[in-house]
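For reference, the chains in residue letters:
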Amino acid sequence: NPYGVLGLTSEASDAEVDQAYRRLISQYHPDRTGGLAEELRQQADKKARDINAAYDRIKTLRKRR
């Protein structure tokens, strides 16, 4: 569920989706996790990939409407 990854419901507006994406990606972006231990950096990198994939999926689904 791409909405669940961003902590939203499918009823969320486009602005809410964008805001949740920006908030989460700024937290988990690889450039922001440089000082962490390797294991934590890898976890943050995976989370950032999941966030990007969910955001792309939501945008694709909403374009089809």
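Owing to the predicted nature of the structure, the values given are computational and were not obtained by experimental measurement.

### Topic: the environment of Thr-33
Mapped onto the elements of the fold, Thr-33 is located in the loop between helix 2 (14-28) and helix 3 (38-63). In this structure Thr-33 comes out as buried when scored by relative accessible area, which is 5%. Measuring from C-alpha to C-alpha, the distance between Thr-33 and Asp-14 comes to 28 Å, with 19 residues separating the pair along the chain. Discounting chain neighbours no more than four positions away, the residues touching Thr-33 are Gln-27, Tyr-28, Arg-41 and Ala-44.

### Let's talk about the pattern of salt bridges
Summed over the entire model, instances satisfying the criterion amount to five salt bridges. Arg-62 serves as the salt-bridge partner of Asp-14, at 2.4 Å between the closest nitrogen and oxygen. With Asp-14 in helix 2 and Arg-62 in helix 3, the pair connects residues that are 48 residues apart, well separated along the chain. Judged by its relative accessible area of 42%, Asp-14 is partly exposed. The residue Arg-41 makes a salt bridge to Glu-38 at a minimum N-O spacing of 2.8 Å. Taken together, the positions of Arg-41 and Glu-38, both in helix 3 and three residues apart, correspond to about one turn of that helix. Under the relative-accessibility criterion, Arg-41 is labelled partly exposed at 31%. Glu-38 sits in the partly exposed class, given a relative accessible area of 43%.

Each value, and the rule that gives it
Numbering of residues starts from 1 in each chain and follows the order in which that chain's sequence is written. The model is predicted, so local features are restricted to residues of pLDDT at least 70 and side-chain atom pairs to those at 80 or more, both for listing and for counting; the totals for chains, interfaces and linings are taken over all residues. Calculated side-chain values reflect all of the structure's heavy atoms, with hydrogen atoms and water omitted. To qualify as a helix, a DSSP run of H or I must reach at least 4 residues; to qualify as a strand, a run of E must reach at least 2; elements of each kind are numbered from the N terminus. Under the scheme applied here, a residue whose accessible area is under 20% of the maximum for its type counts as buried, over 50% as exposed, and between as partly exposed, the area being computed with a 1.4 Å probe on protein chains only. Every residue pair with non-hydrogen atoms within 4.5 Å of one another is taken to be in contact. Here, a salt bridge means any Lys or Arg side-chain nitrogen found within 4 Å of an Asp or Glu carboxyl oxygen.

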